[in-house]
Amino acid sequence: MTLSDLFTVTGPYLIAATVVVGVALALWAGREFYAAARQRRVIAARSALAEVERRATTPLARFDSLVRSTEAGRWLERRIQRSGVDLRAGTAVAGIVGGSVLAVVVVWQVLAPVLGILAIAAVSGTFFAYLRQQESRRREEFTAQLPDLARVLSNATSAGLALPTAIDMASEELADPAGAELRHMANSLKLGMPFEKALEDLRTRMPSREIGVLASTLFVASRSGGSLVTALRNISETLENRKETRREVRTILGETTVTSWALVVFFVAALFGVNLVFPGVLETMTTQMPGQLLLGGSMALTVVGIALIRSVTRIKF
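Let me sum up the structure you'll find in this document. (Residues numbered from 1 in each chain as written. Predicted model: local features only at pLDDT ≥ 70, side-chain atom pairs only at ≥ 80, totals over all residues. Heavy atoms only, no water.)

1. Brief notes about the overall build of the chain
Of the regular secondary structure elements, the chain holds 12 helices and 0 strands. If you take every contact in the chain between residues at least 6 apart in sequence, the share linking residues at least 24 apart comes to 61%. As displayed, the chain offers around 20100 Å² of accessible surface, 66% of which is attributable to carbon and sulfur atoms. (Helix = DSSP H or I, 4+ residues; strand = E, 2+ residues; numbered from the N terminus. Contact = heavy atoms within 4.5 Å. Areas by Shrake-Rupley, 256 points an atom, 1.4 Å probe, with all protein chains shown as cover.)

2. Here we look at the environment of Val67
Mapped onto the fold, Val67 is located in helix H2 (residues 59-68). With 26 residues separating them in the primary sequence, Val67 and Val93 have C-alpha atoms 8.2 Å apart. The residues contacting Val67, other than those within four sequence positions of it, are Gly73, Arg74, Ala89, Gly90 and Val93.

3. Regarding the pattern of salt bridges
Summed over the entire model, instances satisfying the criterion amount to 10 salt bridges. With its nearest N and O atoms 2.8 Å apart, the salt bridge here joins Asp64 to Arg68. Residue Asp64 and its partner Arg68 are both found in helix H2; the two are separated by 4 residues, about one turn of the helix. Among the residues examined, Arg68 registers a relative accessible area of 30% and is labelled partly exposed. As a salt-bridge pair, Arg79 and Glu135 come within 2.4 Å of each other at their nearest N and O atoms. Remark: Glu135 occurs in helix H5 (residues 113-158) and Arg79 occurs in helix H3 (residues 71-83); sequence separation between them is 56 residues. (Salt bridge = Lys/Arg side-chain N within 4 Å of Asp/Glu carboxyl O. Buried < 20%, exposed > 50% of the residue type's maximum accessible area, 1.4 Å probe, protein only.)

4. Describing the side chain of Ser154
Of note, Ser154 is situated in helix H5. Of the residues examined, Ser154 reaches a relative accessible area of 1% and is grouped as buried. Other than its neighbours up to four places away in sequence, Ser154 contacts Val229, Leu232 and Arg233.

5. Quick notes on the packing of H5 against helix H7 (residues 178-190)
Contact geometry of H5 with H7 gives a least axis separation of 9 Å together with a crossing angle of 80 degrees. As the angle between them shows, H5 and H7 are arranged roughly perpendicular. Along its contact with H5, which presents Arg138, Phe142, Gln145 and Leu149, the element H7 presents Ala178, Ala180, Glu181 and Leu182. Here the contact of H5 with H7 is built from residues that sort into 5 nonpolar, 1 polar and 2 charged. (Axes fitted to C-alpha atoms, helices over the stretch in contact; angles between N-to-C directions. Parallel < 35°, antiparallel > 145°, perpendicular 65-115°, else oblique. Nonpolar A, V, L, I, M, F, W, Y, C, P; charged D, E, K, R; others polar.)

6. Describing the side chain of Glu135
Since its relative accessible area comes to 10%, Glu135 is described here as buried. Each residue touching Glu135, except ones within four places of it in the same chain, is listed here: Arg79, Arg82 and Ser83.

7. A closer look at unusual backbone geometry
Cis geometry is found at the peptide bond from Asp176 to Pro177, where omega equals 10 degrees. As for its position among the elements, Pro177 is in the loop between helix H6 (163-173) and H7.

8. Concerning H6
Residues of H6 that are buried include every one of Leu163, Ala166, Ile167, Ala170 and Ser171, and no others. Viewed end-on, H6 has its buried residues packed into an arc of 140 degrees, placing them on one side of the element. (Arc of directions from axis to C-beta.)

9. Some details on the nonpolar core
Ranked by internal contacts, the top residues of the largest apolar core, which has 29 residues, are Leu149, Leu153, Phe195 and Leu218. Residue assignment for this core shows that the elements contributing at least two residues are H5, H6, H7, helix H8 (195-205), helix H9 (209-224) and helix H10 (228-277). By residue number, the principal contributor to this core is H5, which donates 6 residues. Residues in contact with Leu218, not counting those within four places in the same chain, are Leu153, Leu163, Phe195, Leu199, Leu228 and Leu232. Val107, Ala112, Leu115 and Leu271 belong to the second-largest nonpolar core, a separate cluster that totals 11 residues. (Core = buried A, V, L, I, M, F, W, Y, C linked by side-chain atoms within 4.5 Å.)

10. What to know about the packing of H10 against helix H12 (residues 289-313)
Two numbers describe how H10 lies on H12: the axes approach to 9 Å, and their chain directions differ by 170 degrees. Relative to H12, the element H10 lies roughly antiparallel. Taking contact as the criterion, the partners of Leu253, Thr256, Thr259, Ser260, Leu263, Val264, Phe267 and Leu271 in H10 are, on H12, Leu295, Ser298, Met299, Thr302, Gly305, Ile306, Ile309 and Thr313. Among the residues forming the contact of H10 with H12, the class breakdown is 9 nonpolar, 7 polar and no charged.

What follows is the structure, encoded as structure tokens:
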């Protein structure tokens, strides 16, 4: 029997054996890959749990729990949540304390000891002014999304969906901050919170007249029914017009708002400038009655000027 005859006879068996061995190797490799992937997931889950446990036991985490256990800490945490800033209450308190100490040391050494005490109020005021500005910005962004929100709810309810389902759908379609706030509201409804209470929580987190109008419409519709689709469409048009008006007003008042901050910057720059030109003059002024009256009068005039500017530019829509 020649070699070709031998291959003709055994060829199909060799091919079949090769296929069987290949399939077995593939199955073995797939099984090993699945086992390794599963082991990696288990290790990652254990690592994530260990990381969470480690972070929960750090000194900063324990300090944050201590801060949030107080009424003032819970108030600060609510303010931070409304502003949308990714910050813990304990971290904020630690930052304020550390910044105040640093400001006191710098101002004490550069200007005068008495002004170092005022630096504490300046650091705290700057932080809360930043929080207030972030709250206002987030509320304005949410208000700007209200026309789209009203249209989404109108389309969903016209399709026969219930209000909680429409809110859940809107939370997936809209970007933040409206999406985040609606997800919070939808999760509260899923956990059994009454619809009226969820609306009231939304109005508390995002206080504005536009949100109040929309929440009142949804509240009345959930209680007594009525033509919700028509009401939402009308509200959508009204909110769109109000959004344009708010944008125009903010543009007009932009320069005046900058002026109020410029007063603060000029006052602080004047203090450092005078002390730079005449070293030690502020420390001398704070130890004598005429100098104290002059500094106190300057601070009072600056505060009055800022208050007057803010009162003139404060417009309630």
